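Observations on chain architecture
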Amino acid sequence: MTSPDLAAVHPGTVTFDDVAAAHPDPAFPRFHPRPAQGWINDPNGISFINGRYHVFFQYNPDSARHHRIAWGHVSSADLVRWEEHPVALRPQDGGPDEYGCWTGVVTDDDGVPTAAYSGVRGDGGHSQVVIARGSEDLVHWEQAGHVSATMPADGLVTAVRDPFIFRFNGKRYAMQGAGLANGHAALLLYTVDDLTDWKYQGIWLTSENPVAATFTPAEIWECPQLVQVPDNDAPAGGTWLMMFSLWLAGDSHEHANGVGHLIGSLAEDPATGLPVFTPRTGGKSDLGRDFYAPQVVSLENRALLWGWANEGPGRDGRRGRSQAEIDAAGWAGVLTFPRELSIIDGSLAVSPAPEVDAYRGDLLAGQASGMVPLPAFAEAVVTAAKGGAVELLLVGNGSRQVVFSGSVDAGEELRVFVDASLVEVYHSGSVATTLRAYPAAGEEWHLSLPAGATADVWSLARPA
């Protein structure tokens, strides 16, 4: 139910339950909050302030296309019941963000919630870091057009975007993703003693680094993240994780390289006093083709991630939506479930936040085997005695379309979530797989299990 206090103070606030229940499109998710209409992409400004989780996201409320991007805003006290708030940031005519308010973060600046984001003036995509100040509840924002960092006067740097703020040894720093004239991706480092005036410290890390070249190849590192995540082999405080969205020329929201990460250490350079990140390994952060631009927030004893799952045309033998179908539906883009990150035996492990368990409704099939039907909103937990291949299919109208195919080893667990057109698969001890698929009339979801494997299946339902 809508919080009485929020509803009274902010009459524009609505519950996502109401949005989902009233939506006419059967492909619209019921358990992943987003506005009923419009385009969304990157999650932004993820924060936990005054007892509420806040998730902002790039948003065009006027159409299902990427244009004049604003920031939408949802919040929750428990990661389960979500409320949609009025648009937080909008492009300002004549301002440094007149073409769009792109990716950024929200931080507490001496008690004042403050957004630092990429303000874009035109279609070229060149950006400056713009700050905006928020109210205590993060619902009202003042956009004065203040620029904290401009394009560096460095001839090697050809593109800059997506500020991210982190703290190390009691000091505040920021970084931005970049592209270089030599074709490599890079991170730029800033000191941020004053949030209104960032001091450029130079190119910090590039894809010329052999570990980065192996695990995070790109022409621009977009949406850079740097957080500490819990590690079963590390002392309190966890291990440092970098994550990048791996941009290539001509991507146009297709992002073939997906998202990658580096695991390493952060130390202070005794000569400069600046932090130095040393990667030791890395990998893919999601194994699906429909996952990009995640943002991570590091909280006490946990790190949470949200990613963007775009609509996507048909590819890899799967059925997508054409642009005409997207326009007709009037909405595009979904955010993933909140995901909890950890390092297990030196590798990144991703699992749904435990709060997501609250969506389990009726147990529809306990320990089913073989070909198992799923409703349009479901969770299945697969276990295997001997291991083998697991497939998620759309079956009907004389067709059989494989949406997901993967393996499960003996003793491992595979959790599969279907929320209308969004599929999330979590493999214990590894990263997730994010996919979009659109059942046609007469089609149903089925899980195909190997011999000796079983699945418990629950409907997804709103908790009372």
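Residues numbered from 1 in each chain as written. Predicted model: local features only at pLDDT ≥ 70, side-chain atom pairs only at ≥ 80, totals over all residues. Heavy atoms only, no water.

**Brief notes about the side chain of Asn60**
Within the fold, Asn60 resides in strand E3 (residues 52-60). We classify Asn60 as buried; its relative accessible area is 4%. There is a polar contact of 3.2 Å between the side chain of Asn60 and the side chain of Ser63. Apart from residues no more than four positions distant in its own chain, Asn60 is found in contact with Gly38, Trp39, Arg65, His67 and Ile69. (Helix = DSSP H or I, 4+ residues; strand = E, 2+ residues; numbered from the N terminus. Buried < 20%, exposed > 50% of the residue type's maximum accessible area, 1.4 Å probe, protein only. Polar contact = N/O pair within 3.5 Å; in protein donor to acceptor, adjacent residues only side chain to side chain. Contact = heavy atoms within 4.5 Å.)

**A word on the sheet that holds strand E5 (residues 83-89)**
The mixed open sheet is built from six strands, whose spatial order is E1-E5-E4-E3-E2-E20. At either end of the open sheet lies a strand with only one pairing partner, and these are strand E1 (14-15) and strand E20 (331-332). Of the pairings in the sheet, the one linking E1 to E5 comprises two bridges and is antiparallel in character. Counterpart to Thr15 in the pairing with E5 is Glu83. (Pairing = 2+ DSSP bridges.)

**So, the nonpolar core**
One finds Phe166, Trp198, Trp204, Leu226 and Leu341 to be the most contacted residues of the largest nonpolar core, which totals 102 residues. If one sorts the elements of this core by residue count, strand E12 (residues 185-194) sits on top with seven residues. Discounting residues that sit within four places of it in the chain, Leu341 has contacts with Val229, Pro230, Leu241, Met243, Val296, Ala303, Leu305, Leu348, Ala349 and Val350. Formed by 27 residues, the second largest nonpolar core is a distinct cluster that contains Leu374, Val382, Val425 and Leu447. (Core = buried A, V, L, I, M, F, W, Y, C linked by side-chain atoms within 4.5 Å.)

**Remarks on the packing of aromatic side chains**
The final tally for this structure, using the stated rule, is 20 aromatic pairs. Pairing Tyr190 with Trp198 gives two aromatic rings, centres 5.7 Å apart and planes at 65 degrees, and the pair type is edge-to-face. We classify Trp198 as buried; its relative accessible area is 5%. Three or more aromatic residues joined by ring pairs form one cluster here, namely Phe31, Phe337, Tyr359, Phe377, Phe417 and Tyr426. The side chain of Arg161 reaches across the aromatic face of Trp247, ending 5.6 Å from its centre. Of note, Arg360 hangs over the ring of Trp458, and the distance from its end group to the ring centre comes to 3.9 Å. (Phe/Tyr/Trp six-rings, centres within 6.5 Å; stacked < 30°, edge-to-face > 60°. Lys NZ or Arg CZ within 6 Å of the ring centre and 35° of its normal.)

**Quick look at the side chain of Asp290**
Structurally, Asp290 is set in the loop between strand E17 (275-284) and strand E18 (292-299). The exposure class of Asp290 is buried, given its relative accessible area of 2%. At a separation of 2.9 Å, a polar atom in the side chain of Asp290 contacts the main-chain amide nitrogen of Arg436.

**Describing the pairing of strand E16 (residues 259-268)**
Among the 10 residues of E16, seven are classified as buried, and the element is accordingly described as predominantly covered. Strand direction decides the pairing type here: strand E15 (residues 239-247) and E16, joined by six bridges, are antiparallel. When the sheet's bridge partners are listed, Met243 is paired in E16 with His261. In this structure, E16 lies alongside E17, joined through nine bridges in antiparallel fashion. If you follow Gly264 over to E17, its bridge partner there is Pro279. Counting the residues between successive antiparallel strands, the hairpin from E16 to E17 contains six residues, one of them, Gly273, with a positive phi of roughly 80 degrees.

**Considering the pattern of salt bridges**
A complete count under the given rule lists 19 salt bridges for this structure. The salt bridge involving Asp109 is made with Arg133; its shortest N-O contact spans 2.8 Å. Residue Asp109 is located in strand E6 (residues 100-109), and its partner Arg133 is located in strand E8 (residues 127-134); the two are separated by 24 residues in the primary sequence. Asp109 gets classed as buried once you look at its relative accessible area, which sits at 10%. Taking relative accessible area as the criterion, Arg133 reaches 27% and is therefore assigned partly exposed. The salt bridge involving Arg302 is made with Glu355; its shortest N-O contact spans 3.0 Å. (Salt bridge = Lys/Arg side-chain N within 4 Å of Asp/Glu carboxyl O.)

**Here's the deal with the environment of Tyr438**
Counting through the fold element by element, Tyr438 comes out in the loop between strand E31 (432-436) and strand E32 (444-448). The class of Tyr438 is buried, set by a relative accessible area of 6%. Of note is the side chain of Tyr438, whose polar atom sits 2.6 Å from the backbone oxygen of Glu311.

**With respect to the sheet that holds E32**
As summarised here, the arrangement of the four strands in space is E25-E32-E27-E28, forming an open sheet in which the pairing is antiparallel. Sheet topology places strand E25 (371-374) and strand E28 (399-408) at the edges, where each strand pairs with a single neighbour. Strand-to-strand, the axes of this sheet are offset by a mean angle of 25 degrees, without reference to chain direction. Of the pairings in the sheet, the one linking strand E27 (residues 388-396) to E28 comprises nine bridges and is antiparallel in character. (Axes fitted to C-alpha atoms, helices over the stretch in contact; angles between N-to-C directions.)

**What about the confidence of the model for the protein?**
Taken over all residues, the pLDDT of the protein has a mean of 92, while the share at 70 or more is 94%. Taken as a whole, residues 1-10 scores under 50 in pLDDT and shows 13 contacts with residues more than four places along the chain or in a different chain. (pLDDT = per-residue confidence, 0-100.)

**Looking at the environment of Ala353**
Relative to the assigned elements, Ala353 resides in the loop between strand E23 (347-352) and strand E24 (360-368). Separated by 15 residues in sequence, Ala353 and Pro338 place their C-alpha atoms 5.7 Å apart.

**Quick look at empty space enclosed by the protein**
Counted according to the given criterion, the structure contains three cavities of 30 Å³ or more. Lining the largest cavity are 13 residues, with Pro33, Trp82, Trp306, Thr336 and Pro338 positioned closest to its centre. Residues belonging to the lining of the largest cavity are distributed by class as follows: 11 nonpolar, two polar and no charged. (1 Å grid on protein atoms, 1.4 Å probe; cavity = no way out; pocket = protein on both sides within 12 Å on 5 of 7 lines; lining within 4 Å. Points joined across faces, edges and corners; volume = space filled by probe spheres on them. Nonpolar A, V, L, I, M, F, W, Y, C, P; charged D, E, K, R; others polar.)

**Here we look at the pairing of strand E9 (residues 141-149)**
Across five bridges, the pairing between E8 and E9 is antiparallel. Within the sheet, the bridge partner assigned to Ile131 lies in E9 and is His146.

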